[in-house]
Number of protein chains: 4
Amino acid sequence: MSNNKTLKVYSPYDNSLIKELPLMDKNELEEALKTAYDLFLDQSNWILAHERISLLEKVRKIMEGKVEELTKIAAEEGGKPYQDSKVEVLRAINGVKIATEEIARLTGEQIPMGLTASTTNRLAFTTREPIGVVASLSAFNHPLNLIVHQTVTAFAAGCPVIVKPASATPLSCKAFIEILKEAGVPKGWVQMVLIENDLAEKLATDKRVNYLSFIGSEKVGWSLKSKLAPGTRCALEHGGTAPVIVEADADLEDMIPGLVKGGFYHAGQVCVSVQKIFVHESIARKVADEMAKQAKDLKVGDPLDEETEVGPLIRTEEVDRVEKWVKEAEKEGADILCGGKRISQSCYEPTILWNPDQNSKVSKEEIFGPVVCIYSYKERQEAVRLANSLEYHFQAAVFTKNVDTALDTVQKLNATAIMVNDHTAFRADWMPFGGRDASGEGLGGIPYSMHEMTRVKLMVFKSKFL
Amino acid sequence: MSNNKTLKVYSPYDNSLIKELPLMDKNELEEALKTAYDLFLDQSNWILAHERISLLEKVRKIMEGKVEELTKIAAEEGGKPYQDSKVEVLRAINGVKIATEEIARLTGEQIPMGLTASTTNRLAFTTREPIGVVASLSAFNHPLNLIVHQTVTAFAAGCPVIVKPASATPLSCKAFIEILKEAGVPKGWVQMVLIENDLAEKLATDKRVNYLSFIGSEKVGWSLKSKLAPGTRCALEHGGTAPVIVEADADLEDMIPGLVKGGFYHAGQVCVSVQKIFVHESIARKVADEMAKQAKDLKVGDPLDEETEVGPLIRTEEVDRVEKWVKEAEKEGADILCGGKRISQSCYEPTILWNPDQNSKVSKEEIFGPVVCIYSYKERQEAVRLANSLEYHFQAAVFTKNVDTALDTVQKLNATAIMVNDHTAFRADWMPFGGRDASGEGLGGIPYSMHEMTRVKLMVFKSKFL
Amino acid sequence: MSNNKTLKVYSPYDNSLIKELPLMDKNELEEALKTAYDLFLDQSNWILAHERISLLEKVRKIMEGKVEELTKIAAEEGGKPYQDSKVEVLRAINGVKIATEEIARLTGEQIPMGLTASTTNRLAFTTREPIGVVASLSAFNHPLNLIVHQTVTAFAAGCPVIVKPASATPLSCKAFIEILKEAGVPKGWVQMVLIENDLAEKLATDKRVNYLSFIGSEKVGWSLKSKLAPGTRCALEHGGTAPVIVEADADLEDMIPGLVKGGFYHAGQVCVSVQKIFVHESIARKVADEMAKQAKDLKVGDPLDEETEVGPLIRTEEVDRVEKWVKEAEKEGADILCGGKRISQSCYEPTILWNPDQNSKVSKEEIFGPVVCIYSYKERQEAVRLANSLEYHFQAAVFTKNVDTALDTVQKLNATAIMVNDHTAFRADWMPFGGRDASGEGLGGIPYSMHEMTRVKLMVFKSKFL
Amino acid sequence: MSNNKTLKVYSPYDNSLIKELPLMDKNELEEALKTAYDLFLDQSNWILAHERISLLEKVRKIMEGKVEELTKIAAEEGGKPYQDSKVEVLRAINGVKIATEEIARLTGEQIPMGLTASTTNRLAFTTREPIGVVASLSAFNHPLNLIVHQTVTAFAAGCPVIVKPASATPLSCKAFIEILKEAGVPKGWVQMVLIENDLAEKLATDKRVNYLSFIGSEKVGWSLKSKLAPGTRCALEHGGTAPVIVEADADLEDMIPGLVKGGFYHAGQVCVSVQKIFVHESIARKVADEMAKQAKDLKVGDPLDEETEVGPLIRTEEVDRVEKWVKEAEKEGADILCGGKRISQSCYEPTILWNPDQNSKVSKEEIFGPVVCIYSYKERQEAVRLANSLEYHFQAAVFTKNVDTALDTVQKLNATAIMVNDHTAFRADWMPFGGRDASGEGLGGIPYSMHEMTRVKLMVFKSKFL
């Protein structure tokens, strides 16, 4: 009994219609929830570890045969350039492997007994169990890889999962769901739901859901958290402003191409995109100018073109917003060293801002666009203070040759991960990844997500023989 | 600028006034929050690990010299019988030790790099940092030990902590705070606030608080969670109904005294109190009768009397409630095998109910009083189903001699901890402890709390030499 | 400059010549050692983790295409029946996978600093490094799987390895070396040497070897250990007598086929073969008779025949020895319930002995042939005492339905692994596996071996900023 | 039936007789071995974890009351200056604490099952058990702390231990044994044996001994290893030459006092004493001269004098040896920048040698005396090569401000621990500590030793319900 509404998928680059998909109504969502919950409740439905391993190995094999196809789907609907989309697809395949391997690590440990007189005669161990039904609300910027992070983790951990892809990028998700089916993943374990936002909230806050995995804006994330049913845990992955501190002794030759990549990769639409670079005054302008020079050379355009380095923003409104923010920053004192203009309805020039005001939006909010701010500083402690001053704390970086400076800055920066001599957008899919404070909750990275999707069960044997 | 309001502490046993303490007003709470937050923000204030260790060793020594004094304070204000209060004090002392030792385990690990071509030339490690300001809202039933669980953990982990004791039992907390002071714990790191409920909510939801530790009713807990500031993590420890499954082959001689202790310890006012016992029909009535016999022999009375085994409930209203629930259960079909009456304004007889209806309140809600329900079952799977049927899942137990039955029941019961041949109220302060689903969030137990009060920081060195 | 000596490989079943291979002389061995040592000494030769992973994934893929071929080679040269050899091949493939996955686990951890005043201002981490050149001396009974355990582990851990297969079964090793080559494993990292025993000793004791992996007789193993160069670590995997304790309440229906399989698998030529079964007197003879009945039905014969369940012993001398031991046991009081005779030069009947004397060789030495001894006992403690009484302690088992009995027996038995309600020959290739006391040294199992083939390196940063 | 032989303990400083103690004969040693072995064999003798914890807490308390007494005993018999001996005593007390705390970590873990079809229906866990009787042969240079490392570890791990202190320093050990007795450690669990070398070998190689802990010369250590009974594991802690690499950018002000302390602490009689310092040629002579200046100021003399910084060598023969080696080095090209002479029969001047030949004994052997060699280098890789060139590899150090240089040198140096900007003699008693290659076997450090003194026991439950 569908409502006959549809989801239209447009190319972010030229706004052409790619595909139209049926939207689910409330009843269909209810059906999905019921299916998932019933699967979970009855342990006899659970899929054995070795079967999950076999199924995921098949998934990986099928994906390996579809790299080109998946790349194109992702690039077209999401706007990430072909070359980078291909890297994403390869990472997604590797992600399936990481999750498959982690199944063997979902283990418990002995809890010591007898450390006090009243705990003698006991032997205790923990195991780990799947947490229950997982609801995943995904984001557009890695249309395949995030789906892997938010579904394969759950399936591998033994949880039924219902995934809602970003409205802009459902096609990569759909293609992946079909791969799971082809591999033989039993019905109901990984369900895709195409729903509107009100139903998405209904899904997230349904009491049958034991775990919400959300990637997206902080506003939505924290609001959803406040509405969760009692007992539902969540992982929220929002954004940040990815501060970078560049000391006077940094190795510029290695650094600058890295910062340019880290700042303009996917037009800056990544939660750990290089956004704010604090450079020691002795080299600040030099660094800024050189970055501007390299940014100018970036090829902006059609994501399906193999030469393209920077594609469109996901929606016209985003270009509008970036345009507005940059103008505001300029008005408030920033110099535009390169870029600063929209190229088309969908594309914006890679832009370097010099010394924007700390109160300009580009300094205070996540830009999520192709704009990098460079600030000059006198004292490192001041740069650290500014880097920490917002409520977003995710990934950060420091460039220095000095071991003391590196260790001190790592200690002082408030971030989940700090790169020493590398840009902030570095990520390995198995490393701990997630925002602190306003930037999110829970620790991501495939193995970490899988552990969060399980819960500890302790068994304590009491016996006079122990 | 205090509001001159006071908190009156009454004996739960005879309702006499023990002490009157000043209540804090909004400004004083603000001062406490500011103090804690400022301490945390500036890393130069942080107390070094070896200093925290020394301070806590002093705390432990002072406590060891005050066992009698602390026992009496706790027994008088909380109503737990003297002997059991003394055990609580000794556990609290041991808890300080556990936390002290855990400081050395707040460590990170290497994160492998180079597993893919794009992650070569890197070396990565995690460390653990204090999460920030901790707010602890405590409960009355273990007035000293819970304070240790909710403050020493934070201090040991490097977090400033603000603790609000239960309104009924602030004196043990106060005595502990004085011990910390005597030991030399620097000002501001562990602050007690005596505040009314609206301010308690203000404390819990203040954005400077990074971690809320709440022990208390599920209603309050989940409500607080929904109001937390973005970025605030929480641990909620609510209650449960502690199901026990007794198979026909159980060793009754060992079991029955354990179940009586586990059911009537502290008049059942413990979140893992034995409440619902499912016994195979072949022995059910025999077990029930024998338990009733032993329950009748329990000495109920003044908690300060060393002979007392069961003391008062914390408030008259609770006795009223229990009285009402038992009457309702009887009306709905339960047989009262022993007890079933209030003894005084404050005390209620240890009560065993035979086969109450599954829809009676005593079957569906946490009783938190001296009432144990015994149900007869035919098939173990049915008993498991009933044991799992509520939304509370905390600790559970199974009694059987059979290894297959034990393993199967452990697997099937939905609980964080399952005792095999022991009652549900077993707890070692270092073991994982906490409710699932509606029973709570986060994993407690001193070492686990300390880990939750820290967060991971990853550092990734990039170098061509790696 | 070879010595022109050759190694002749005969079928253990019919003694026909399968192949003749050139033996290496001293100079060739020296060359192999030099190659391996030079590779290790210069870190620039080391193969990166992601390259080792890729290479091993290729190895696995190639093996998956050669299951039939590898099965036949192994069955023909080793005498293990075709069906069991196929299982071995599949396990070997899985072993390559386990080792590949474990590469990501060869990681270090943070070592806490600052726990005392004199250790402040420091940050410390460990990593793991390959230990150096590994020499592996292998055994005949799993001609492919043991080679995987003794070479792939080393290669995966980053160590050059020189492997000497058992003289009786070099062909599976040779086939595997060719697969490594085909997969692209660089020259020198995994070298096979066909050498006589004196050169094998030279290899094991060469000072350039940092780790000896030995699987074989205890006599040779301990002797080699005493001759190792200073600094050479070793893992020795010898045999045992695999005691089993069967309580009166055991589930016989499940148990007996398991014990028959565990006792006669590969004609008992496995280091954890079921050899000594202690059965409670109330059911002992019944168990013995039923086992004898099932043992009589085993199909003994040509390992290449798919129907064969028990094949030949590896050499005629072994059949001679088993024949002698059984005769001796009979003379010393044992009853022969089935078997007790050689079938041919190479095959011996599956044999069950009833109550042999505790001083007969079949009770005191590892039989390594198709002979199982069953003893009747009155008291479990006495059975445990007898099970522990020899110097060999490897795997053991207990069959009982009672949870207390199970836990107590697990505690009391001196063994590395104790199966509860399963036979002693159970092994997962990732579980810890190895003998205690005279049965060996070091802990095997693929992940454990890999860890033993690495060593910890601690780095301690000192800085006033820490 | 003692042999009436005695052990005379002389002051290493003035050769005066401190005490005469009876030596044990063969029968007494046999009695000690029998006692220990019988305790171990019967699990009912084993001391429960909480009892071991209580006993060791008492030991610590008693030690805390005897710091002065223990300091004087150690300083007098061992010759380590009073101030440093006091530090040793405090470390020994802390060592007891570390071991006590580690008891709770001697735990096992879940081993995953069901990763393959043939391993389903199983649940597996490991625990850790005491390894058996431990024999500890100790060294003179930390007469109290090493005894703690070699006995308390064993006792805490649940093993009976027989300890032979160094012949030169039995009095600290004796005092410690008396403390254990006073604390109530049951008879037989920690036995001191005063025996001559032939009996020490008998002890080490007795088949009832399951673990040998040896600290001393590599010659004796490797020889003992080669004679161990089958099944006896060992930890050997020998010496090294503790190379240090000083880059041109090192912070000399911090470094030089550290190197002087690390080189002349206990007159260089420490297995990780700074011995060979490779300094970049641009600053080498400056570093050498400054070190010589500071070394000259060290106060050499009576270890009982609180002002003394460097005491005697343990025996006159050692002074003779050092004298000879320095003369030889001078003859072979070294310059003596300070020291170079014996002060008395027992004391030798702190000595700095400039550029000794790489083939002089001071460059090739462990000096174990107050002599430090400084070498000038052009290229760091060459310094690394020389630092790695001997067969001893224990602790090492690098001084540099550069993060790349630090990481690269840490990777390239062959050592168990590498200090970055700290001297080689740094040690925390809980960190991993031990020689590689010729420098020893096994990993020390109190928690590591305790783990080595236990062994894994795996239990695998099989059940159709799993």
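Residues numbered from 1 in each chain as written. Chains lettered and ligands numbered in written order. Predicted model: local features only at pLDDT ≥ 70, side-chain atom pairs only at ≥ 80, totals over all residues. Heavy atoms only, no water.

As named in an unreviewed UniProt entry, chain A is Aldehyde dehydrogenase family protein, taken from Arthrospiribacter ruber. In its Sequence similarities (unreviewed entry) section, the UniProt record describing chain A reads: "Belongs to the aldehyde dehydrogenase family." (UniProt positions renumbered as here; feature names shortened; annotations may be inferred.)

Participant: Which parts of the structure should I look at to understand helix 10 (residues 284-296) of chain B?
Facilitator: An α-helix turns once per 3.6 residues; consequently, residues spaced three or four apart project the same way. Residues and elements named next belong to chain B. Given a rise of 1.5 Å per residue, 13 residues ought to cover 18 Å, and the 18 Å separating the end C-alpha atoms of helix 10 matches this to within 8%. Among the residues making up helix 10, those that are buried are Ala284, Val287, Ala288, Met291, Ala292 and Ala295. The buried residues of helix 10 all sit within an arc of 135° when viewed along its axis, so they share a single face. In helix 10, the exposed positions that point more than 90 degrees away from the buried face belong to Lys286, Lys293 and Lys296. (Helix = DSSP H or I, 4+ residues; strand = E, 2+ residues; numbered from the N terminus. Expected span 1.5 Å × (residues − 1). Buried < 20%, exposed > 50% of the residue type's maximum accessible area, 1.4 Å probe, protein only. Arc of directions from axis to C-beta.)

Participant: Before we go on, may I ask you to explain the domain arrangement of chain A in this structure?
Facilitator: Reports of interface size often rely on the accessible area that becomes lost once the parts have come together. Residues and elements named next belong to chain A. Parsing chain A into structural domains produces domain 1 (6-238 + 439-461) and domain 2 (243-428). Taken residue by residue, the interface counts 25 residues in domain 1 and 28 residues in domain 2. Carbon and sulfur atoms make up 57% of the surface buried where domain 1 meets domain 2, a total of about 2,400 Å² over both sides. Area buried by domain 1 at its contact with domain 2 is led by Tyr13, Phe140 and Ser439, which between them contribute 25% of it. On inspection of domain 1 and its partner domain 2, the count reaches one salt bridge. Lys261 serves as the salt-bridge partner of Asp84, at 3.1 Å between the closest nitrogen and oxygen. Counting across the interface, domain 1 meets domain 2 through eight residue pairs in polar contact (both at pLDDT 80 or more). Every element with two or more residues in the side of domain 1 that touches domain 2 is listed here: helix 3 (67-78) and helix 4 (82-102). At five residues, helix 3 tops the list of elements feeding residues into the side of domain 1 that touches domain 2. (Domains from an automatic or database assignment. Contact = heavy atoms within 4.5 Å. Buried area = accessible area lost by both parts, 1.4 Å probe. Salt bridge = Lys/Arg side-chain N within 4 Å of Asp/Glu carboxyl O. Polar contact = N/O pair within 3.5 Å; in protein donor to acceptor, adjacent residues only side chain to side chain.)

Participant: What is the right way to read the side chain of D:Thr454 from this model?
Facilitator: Residues and elements named next belong to chain D. With respect to the secondary-structure elements, Thr454 resides in strand 20 (residues 454-462). Accessibility expressed as a relative area gives 6% for Thr454, which makes it buried. Polar side-chain contacts of Thr454 include one of 2.8 Å to the backbone oxygen of His451. If we skip the residues at most four places from it in the chain, Thr454 touches Leu106, Arg128, Glu129, Pro130, Ile131 and Ala157.

Participant: What is the right way to read helix 6 (residues 170-183) of chain D from this model?
Facilitator: Residue and element names in this part refer to chain D. In this model helix 6 runs 20 Å from its N-terminal to its C-terminal C-alpha over 14 residues, within 8% of the 20 Å that 1.5 Å per residue would give. Of all 14 residues in helix 6, ten are buried, a share of seventy percent or more. Within helix 6 the residues assigned to the buried category are Pro170, Leu171, Ser172, Cys173, Ala175, Phe176, Ile177, Ile179, Leu180 and Ala183. Phi turns positive one or two residues past the end of helix 6, at Gly184, with a value near 100°.

Participant: In this structure, what is going on with unusual backbone geometry? I would like to understand it.
Facilitator: Apart from glycine, the bulk of residues carry a negative phi angle, and the bulk of peptide bonds sit in the trans form. The phi dihedral of B:Asn15 is positive, around 65°, even though this residue is not glycine. You can see B:Asn15 is positioned in the loop between strand 1 (6-10) and strand 2 (17-22). By relative accessible area, B:Asn15 is classed as partly exposed at 45%. We note that D:Ala242 has phi near 45°; this positive angle belongs to a residue other than glycine. Within the element layout of this structure, D:Ala242 appears in the loop between strand 9 (233-237) and strand 10 (243-246).

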